[in-house]
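If you want the building blocks of each chain, they are given just below.
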Amino acid sequence: MRKAALNAVITVLATMMLLGAAAVGSAGNYPDKPISIVVTYSPGGATDYQARVATMEASDEKYFGQPCVIINKPGAGGKVGWNWFVDSAPKDGYTMVTYNIPHFIAQSLVFETHYGYDAFEPLANWGADPAVLIVPQDSPFNSIKDLVDYAKQNPGKVTVSGAGLYVGHHIALLQFMKAAGIQMTYIPEQGGTDAITSVISGKIQAGFNNLSDAYRNKQRIKILGICDVQRDKDFLPEVPTFKEAGYPEVDDTSVNLRGLAFPKGVDPALIDKVAATLAKMFESKIIKDAMFMGGCPLKIMTREQVIQMFNERQKTLSVLFPKKVQ
Amino acid sequence: MNDLFQYLPEIFTGSRVLVLLLGTVGGLILGATPGLSPTMAVALLVPFTFHMDPATGLVLLGSVFTSTVAGGSLAAILINIPGAPANIATTFDGYPMAKKGRAQEALYISYLSSLVGGVFGIIILMFFTPPLAKLAMEFGPSEMFWCAMFGVSVMAGLASGSMFKGLFMGGVGLLISCIGDDPVYGVTRFVFNDSLAGGITEIPALIGIFAIPQILGMVESLDVVLTKTHFRPEKGILRKVLGMLPGLSPQMGLGSFIGALVGIVPGAGGQIAGIIAYDQNKKFCKHPETLGTGDPRGVAAVESANNAMVGPSLIPMLIMGIPGCPTAAVLMGGLLIHGMFPGPDLFLKHADVTYTFFWAMLFAQITMGVFGLVMSRYSYLVTNISNLMMIGAVMVLAVFGTYTVSNNFDDVVLMFTLGFATYIARKYGFSAAPLVLGIILGPIVENNFSKGRMIAESDLGMFSYFFTGTTNLIIIGLCLLSLGWSLYSEVKFARSQKKNNVAAAPAGCAG
Amino acid sequence: MRKEILVTVAMVAFVGWFWWMARSVEISDSTIFPRAVMGAMLVMCGLQLIQAILMGRLGMKHLKSVAERPAYRKVAIILACMVVYLAVMEYIGFYTSAFLFYILTVLILQKRAITPKVLLVRGGMAAGFTASLYLLFNVILSSQVPSGILF
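Just so we're clear, the structure is a prediction, and the values are computed from it rather than from any experiment. (Residues numbered from 1 in each chain as written. Chains lettered and ligands numbered in written order. Predicted model: local features only at pLDDT ≥ 70, side-chain atom pairs only at ≥ 80, totals over all residues. Heavy atoms only, no water.)

1. Thoughts on the overall build of chain B
Selection criterion: Going along the chain from the N terminus, every DSSP run of H or I of four or more residues is numbered as a helix, and every run of E of two or more is numbered as a strand. Only the C-alpha atoms count toward the radius of gyration. The rule for a globule is 2.2 Å times the residue count to the power 0.38. Three exposure classes are used, based on accessible area relative to the maximum for each residue type with a 1.4 Å probe and protein chains only: buried under 20%, partly exposed in between, and exposed over 50%. Contact definition: two residues touch when any of their heavy atoms are within 4.5 Å. Per-residue and other accessible areas were derived by the Shrake-Rupley procedure at a 1.4 Å probe size, with only the shown protein chains allowed to occlude residues. In this tally Asp and Glu are treated as negative and Lys and Arg as positive; neither His nor the chain ends contributes. Taken as the charge location is NZ of Lys, CZ of Arg, CG of Asp or CD of Glu.
Within chain B one finds 22 helices and two strands. Taking 2.2 N^0.38 as the reference for a compact globule, 511 residues should give roughly 24 Å; the C-alpha atoms of chain B span a radius of gyration of 22 Å, in line with that estimate. For the C-alpha atoms alone, the extent of chain B along its principal axes is close to 65 × 65 × 50 Å. Burial status across chain B gives 65% buried among its 511 residues. A fraction of 78% describes how many contacts in chain B between residues 6 or more apart in sequence connect residues 24 or more apart. Working note: accessible area of chain B is about 17500 Å², and carbon and sulfur atoms make up 68% of it. Taking the average location of the 26 positive side-chain charges in chain B and that of its 26 negative ones, the two points are 15 Å from each other.

Put into structure tokens, the structure is as follows:
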């Protein structure tokens, strides 16, 4: 037995040396290998799907000349992935993460996370999915006003679904209840699809959901309002904003914005270069068309715009979710 | 109806046949690898379909979905590790058969039952989509809660050895599935170590609980095996199995029916189709005592059920956009990418694509069956690998499979820890299958209970929300029936035990 | 009988541990389901205890495990190997560690003497196995497996 063990150790050392010699480090122009994109949700979800579409042109010589590889690190509503990213993502510029505004900022306010609104180096934003207020097809509510009137008389009786806790839908509801001075019951579902399902089947009286999902199910639900500063011209031009309905406090804070970010500590020159390339890539016609086909509204923002937007959201959300006393 | 046949030739145009064959064979291999579940395989392939025309893309996704579900039985039978959650119950009888040198037979039965169940499911999908789609709408939190409770009632039947210990393990599964964030109330629970922040997820737990005890069991018995049995490919087994088919038809019928039913129910229902079919078969068949010791009937019931789930799980997705199982949810992404939104439009505006997809699913079932049978002929290559060679290989595969699920090293450590704990627990008579079932069902039971409670308190009150309504009452009735039958057969079993004056409960090694 | 009673004590201790952790959950509604499960588990503990005592009274014995004299020493060695494997794999890379772990387990467990020829054969097998892993995970599934300091 002892002899066997000794032999084994020798084998291990020999192979390690052999393999060590074979591993060669090469330095070249960025990027010289595929770029990893960490998606903090499971494959098949909206963020994963959009990230795959948004980066499918990366291997074109015009942009990176290297493909982007999606790595899913799901768990605890994105917390696992984002925690991992700020703690241990390599800072060589080959690892990016997708962010979800306002979800990750709200999370960082409510939970003890390793990240906050300023933990990443944002690069560029590709999509904006505003929350819309939906009710079942056969619902007695035909406008925001109907719903508010009913909720005023029956506090807490209206059930409202959304894609989970502290996501845009939840925030939209909180803003709406505050603005209208009403009380409703929020039912957090496992995801956008589940949330819209419960409204279609009439199990729940109302819901906040993604514009893109609501648009796809247009025949089976009624869309009462959109939580944004202006109407959506491409998909739902006939749906009024909450501001038009008399609730200007329900602004664009709940709009679900998605984009890419680096961890802190990446070479600043590289950050600027990649941010510019990404913004250019998202503008390409192929990606725009593919996004439109999937019903995903685009909103391309540059690094500066995203940083400004992060700061604004942090301000509004910290009013909505006052930090717990530790 | 005419539309349906009109689009039959579409499947044979262009590269579609090639895509279908590649998808099926690749799917069989991917499905056999522990950790690579059908959901993951389809999710990984969706981006490839960006560049295909819609019909071809869906042919690929459909054939991979079909064959990964069937492929999982290969690992379940040959190495006692389910390739995917759907194949948990395949290990109960499949592996004992393989141990007795009947691996090839077990595989033949598995693929033929998959074929029967799969074709049954697709036929339901082809002809009954519109009427059945409405059924999915009946399922809200209260109905889902009772459905999951039905799954919980199955636990008692899964425990080999002591029933109390088995149910306790089921409780452990339900309890540890609570670790992590509560998705409804938004608080963190039971996270006693930072690496548990993401909770205990299904697939790492499944791999650990089955693979680690299996590996350690191999190490234990390395010295015991004195005469090495050498399996050869035998002739005439296919004929033998075909001759067995009429005898297995009740199991296949029951399995197909249960699988199709579970498939239509939205949510994670598909994962437990196999287990429910196994349990029900145990209750209805004659001589249930041979089940679990390498009974072909067990394999037939499970494999027909998990493949029958495939077709119907797409029904609510196609019409309502409500996925019947996690894989169907991912498949929906493959539709959206080509601008095809779920709804009646699929059958009017995009009829060409939809019907081609249906035909592709049907042909994929058949190719899957044929290739599965061919592959089974070479199963002796795996059974002949000595345990010595398997130990390292299975461990490495388990590690890789676990890691790729969510690219998280913590999952690998968790997989190993859970597996080791299961190994110890099994030494003291606790069976592993209820534990896995608990981990799978825990979130479904709890989320739907919490959500239902919130809805109930906003309006009707708990009792009238959970205990009224036709669907609720039907499911509750089924739960009670299943439980009552379990108790009855337990008492009957105890009596016959007494009569035989056997001093001990059978300590099973199958669980 | 004593063994079975000890098992029951361990079962109760497990439930107690979770009960203790449940106290620190901030929203008590969130502990309804876990507490219900724990209650059911305690009932099972009670029934298990009764069964153990009854069986002890009647002088019944639980069936012994099937394998005769399991090789626990080897199990312990392999477990140690696994722990080392998991500890180092993130640093030296998934493929390298898989290759080494495979060779190591075979060499430790086999009864044959280690000759250069045996080493070569085992090394070749391990290399083939690692190569097929690479093909499956990196090439076909294009998943990024950490590479560490080595390959």
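From this point, the discussion proceeds with the structure in view.
2. Quick word on the sheet that holds strand β4 (residues 120-129) of chain A
By way of backbone hydrogen bonds, the strands of a sheet pair with one another, either parallel or antiparallel. All names here are of chain A. The criterion, for reference: Should DSSP find at least two bridges between two strands, the strands are taken to pair. All axes are obtained by fitting lines to C-alpha atoms, using only the stretch in contact for helices, and the reported angles, taken between N-to-C directions, cover 0 to 180 degrees.
Spatially, the six strands line up as an open sheet ordered β2-β1-β3-β10-β4-β11, and their pairing is mixed. The open sheet terminates on both sides in strands that have one partner only, identified here as β2 (68-72) and β11 (298-301). Recorded for the sheet is a direction-independent mean angle of 25° between the axes of neighbouring strands. Strand direction decides the pairing type here: β4 and β11, joined by two bridges, are antiparallel. Within the sheet, the bridge partner assigned to N125 lies in β11 and is M301. Contacting β1 (35-39), β3 (95-101), β4 and β10 (256-263), helix α3 (residues 79-88) crosses the sheet at an angle of about 135° to β3. Across the face of the sheet, helix α11 (residues 303-320) comes into contact with β3, β4, β10 and β11 while running at roughly 85° to β4.

3. Quick word on the domain arrangement of chain A
Residue and element names in this part refer to chain A. As a reminder of what qualifies: The split into domains, and so the bounds of each, comes from an automatic or database assignment of domains. Buried area, as used here, totals the accessible surface that two parts lose on assembly, with accessibility defined by a 1.4 Å probe and the loss added over both. Salt bridge, as applied in this entry: a Lys or Arg side-chain nitrogen positioned within 4 Å of an Asp or Glu carboxyl oxygen. Each residue gets one label: Ala, Val, Leu, Ile, Met, Phe, Trp, Tyr, Cys and Pro are nonpolar, Asp, Glu, Lys and Arg are charged, and the others, such as Gly, are polar.
According to the domain assignment, chain A consists of domain 1 (35-128 + 255-320) and domain 2 (131-254). Computed from C-alpha atoms alone, the centre-to-centre distance between domain 1 and domain 2 is 26 Å. With 17 residues of domain 1 in contact, the opposing surface of domain 2 contributes 19 residues. For the pair domain 1 and domain 2, the two sides together bury roughly 1500 Å², of which 66% comes from carbon and sulfur. Here domain 1 is connected to domain 2 by zero salt bridges. Counting residues per element, the side of domain 1 that touches domain 2 draws most heavily on α11, at five residues. Of the residues belonging to the side of domain 1 that touches domain 2, the class tally is eleven nonpolar, five polar and one charged.

4. Considering the pairing of strand β7 (residues 185-188) of chain A
Residues and elements named next belong to chain A. Applied cut-off: Looking down the strands as they point away from you, a crossover is right-handed if its path from the first strand over the helix to the second goes clockwise.
Where burial is concerned, the two faces of β7 agree: the one with T185 and I187 and the one with Y186 and P188 are both buried. Of the strand pairs in this sheet, strand β6 (residues 159-162) and β7 are connected by four bridges, and their pairing is parallel. Looking at the pairing, T159 lines up with T185 of β7. Each parallel crossover has a hand, and for β6 linked through helix α6 (residues 168-180) to β7 it is right-handed.

5. Let's talk about the nonpolar core
To keep it simple, the criterion reads: Take the buried Ala, Val, Leu, Ile, Met, Phe, Trp, Tyr and Cys residues and link them wherever side-chain atoms come within 4.5 Å; each set so joined is a nonpolar core.
If you look at the biggest cluster of nonpolar residues, it comprises 204 residues, and the most contacted ones within it are L314, M395 and F400 of chain B together with Y85 of chain C. The dominant element in this core, judged by the number of residues it contributes, is helix α18 (residues 387-406) of chain B, at 13 residues. Counting 96 residues, the second-largest nonpolar core is a separate cluster that includes A119, L173, L278 and M309 of chain A.

6. Notes on the interface of chain B and chain C
Short version of the rule: Under this definition, polar contacts are N or O atom pairs within 3.5 Å; protein pairs additionally need one hydrogen-donor-capable and one acceptor-capable atom, and for neighbouring residues in sequence, both atoms have to be side-chain atoms.
Taken residue by residue, the interface counts 61 residues in chain B and 64 residues in chain C. Of the roughly 5800 Å² buried between chain B and chain C, counting both surfaces, carbon and sulfur atoms make up 82%. Among the residues chain B hides against chain C, the three largest losses belong to F164, F168 and F400 of chain B. Together they make up 12% of the total. D29 of chain C is the partner of R453 of chain B in a salt bridge, and the nearest nitrogen-oxygen pair spans 3.5 Å. In this structure, the connection of chain B to chain C is made through four residue pairs in polar contact (both at pLDDT 80 or more). If you list the elements that add at least two residues to the side of chain B that touches chain C, you get α8 (163-176), β2 (188-189), α9 (202-220), α18, α19 (409-427) and α20 (433-458) of chain B.

7. Considerations on helix α4 (residues 103-110) of chain A
All names here are of chain A. Of all eight residues that make up α4, eight are buried, and the element is covered over most of its length. Those residues of α4 that sit buried are H103, F104, I105, A106, Q107, S108, L109 and V110. In this fold, the buried residues of α4 make contact with α3, β3, β4, α6 and α11.

8. Quick word on the packing of aromatic side chains
Here is the rule: The criterion for an aromatic pair is that two Phe, Tyr or Trp rings (for Trp, the six-membered ring) have centres within 6.5 Å, with stacked assigned to planes under 30 degrees apart, edge-to-face to planes over 60 apart and tilted to the rest. Note on criteria: charge over ring means Lys NZ or Arg CZ within 6 Å of the ring centre, with the direction from the centre no more than 35 degrees off the ring normal.
This structure, assessed with the given rule, holds 44 aromatic pairs over all chains. Here F145 of chain B and W146 of chain B contribute two aromatic rings whose centre-to-centre distance is 5.1 Å and whose plane-to-plane angle is 70°, an arrangement assigned as edge-to-face. Of the aromatic side chains, those joined through ring pairs into one cluster are Y41, W82, W84, F85, Y99, F104, Y115, F120 and F310 of chain A. Directly above the ring of W19 of chain C sits R35 of chain C, whose terminal nitrogen or CZ lies 4.8 Å from the centroid.

9. Observations concerning the sheet that holds β6 of chain A
Taking strand neighbours across the sheet as the criterion, the five strands line up as β7-β6-β8-β5-β9 (chain A) in an open arrangement whose pairing is mixed. Two strands in the sheet have a free side with no partner beyond their single neighbour: β7 and β9 (221-226) of chain A. Each strand axis lies, on average, 30° off the axis of its neighbour in the sheet, ignoring direction. The pairing of strand β5 (residues 131-136) of chain A with β9 of chain A spans five bridges and is antiparallel. The residue bridging V132 of chain A from the neighbouring strand is I226 of chain A, located in β9 of chain A. Across the sheet, α6 of chain A lies against β5, β6, β7 and β8 (206-210) of chain A, angled at about 130° from β8 of chain A, the strand it touches most. Seen against the sheet, α20 of chain B touches β6 and β7 of chain A and runs at an angle of roughly 165° to β7 of chain A.

10. Section: the side chain of T105 of chain C
If you trace the backbone, T105 of chain C turns up in helix α4 (residues 94-109). Setting aside its immediate chain neighbours within four residues, T105 of chain C contacts G392 of chain B together with I78 of chain C.

11. Let's talk about the confidence of the model for chain B
Residues and elements named next belong to chain B. Test applied: A residue's pLDDT is the predictor's confidence in that residue, given on a scale from 0 to 100.
Averaged over chain B, the pLDDT score is 82; the fraction of residues at 70 or greater is 92%. Between the elements of chain B, mean pLDDT differs from a low of 71, seen in helix α1 (residues 2-6), to a high of 91, seen in α19. Here residues 502-511 is a poorly scored stretch, pLDDT under 50, and it has 17 contacts once near neighbours within four places are set aside; other chains count.

12. Some details on a nonpolar patch on the surface
All names here are of chain B. We apply this condition: Each patch is assembled from residues with relative accessible area greater than 30% and no salt bridge, linking like charges that lie within 9 Å and nonpolar side chains (Val, Leu, Ile, Met, Phe, Trp, Tyr) that lie within 5 Å.
Taken together, the side chains of I366, V370, V374, Y378, L381, V382 and I385 make up a nonpolar region of the molecular surface, amounting to roughly 580 Å² of accessible area. Mapped onto the secondary structure, V374 falls in helix α16 (residues 351-377). Overall, V374 belongs to the partly exposed group, its relative accessible area being 42%.

13. Thoughts on the pattern of salt bridges
The final tally for this structure, using the stated rule, is 22 salt bridges over all chains. Here K203 of chain A makes a salt bridge to E143 of chain B, at a shortest N to O gap of 3.6 Å. Placement of K203 of chain A in the loop between α7 (192-200) and β8 and of E143 of chain B in helix α7 (residues 141-158) is noted, with the two residues assigned to different chains. A salt bridge links K288 of chain A to E283 of chain A, with the nearest nitrogen and oxygen atoms 3.3 Å apart. Residue E283 of chain A is classed as partly exposed on the basis of its relative accessible area, which comes to 42%.

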